[in-house]
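Here is how the chains run, residue by residue.
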Amino acid sequence: LNSKEIKNDLLNNIDAIEGLIINTGDHWFPIRKINNIFLNLNSTNIPEEPQLIDKETIKSFLNLCVSKNFIISEVKNIPNSQIPLLNLVKNDINKK
């Protein structure tokens, strides 16, 4: 599949996404969904912490990645062993 087909497939099945690996050419970073919330786990985030991404923003983000010819890989069947991240997401949600 080309990047446009992959993007369209992902956008049409946004609820089924578990995780993504984004490769910009000189850097790669994961996007992980936990409890239906996407987290940008890019090590270059400022501040240096996971960034929460809602469904509409992830759609825009995927469009941007395709327009910049980034490689998007879908990750499936991720074990739910990310307890520290689950706590981080719960704590961040409770702050709002």
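Notes on the structure in this doc start here.

A sheet is described by the order of its strands in space; here 5 strands give the open sequence E4-E3-E2-E1-E5, paired in antiparallel fashion. If you trace the sheet from one side to the other, it starts and ends with strand E4 (51–53) and strand E5 (71–75), each paired once. Averaged over all neighbouring strand pairs, the angle between strand axes comes to 25°, with direction disregarded. Bridge count between strand E1 (residues 19–23) and strand E2 (residues 28–34): 5 bridges; the pairing is antiparallel. Within E2, the position partnered with Ile 21 by the bridge is Pro 30.

The next thing to look at is the pattern of salt bridges. Applying the stated criterion to the full structure yields 2 salt bridges. Taking the shortest distance from any N to any O, the salt bridge between Lys 55 and Asp 15 comes out at 2.4 Å. Here the residue Lys 55 occupies a position in helix H2 (residues 55–67), and Asp 15 occupies one in the loop between helix H1 (3–12) and E1, the gap between them amounting to 40 residues. With a relative accessible area of 36%, Lys 55 lands in the partly exposed category. Among the ionic pairs, Lys 59 bridges to Glu 56, the shortest N-O distance being 3.5 Å. In this pair, Lys 59 and Glu 56 are both assigned in helix H2, 3 residues apart and thus about one turn of the helix distant. Of the residues examined, Glu 56 reaches a relative accessible area of 54% and is grouped as exposed.

Rules of the game
Residues numbered from 1 in each chain as written. Predicted model: local features only at pLDDT ≥ 70, side-chain atom pairs only at ≥ 80, totals over all residues. Heavy atoms only, no water. Pairing = 2+ DSSP bridges. Helix = DSSP H or I, 4+ residues; strand = E, 2+ residues; numbered from the N terminus. Axes fitted to C-alpha atoms, helices over the stretch in contact; angles between N-to-C directions. Salt bridge = Lys/Arg side-chain N within 4 Å of Asp/Glu carboxyl O. Buried < 20%, exposed > 50% of the residue type's maximum accessible area, 1.4 Å probe, protein only.

Coordinates in, geometry out; function isn't part of it.
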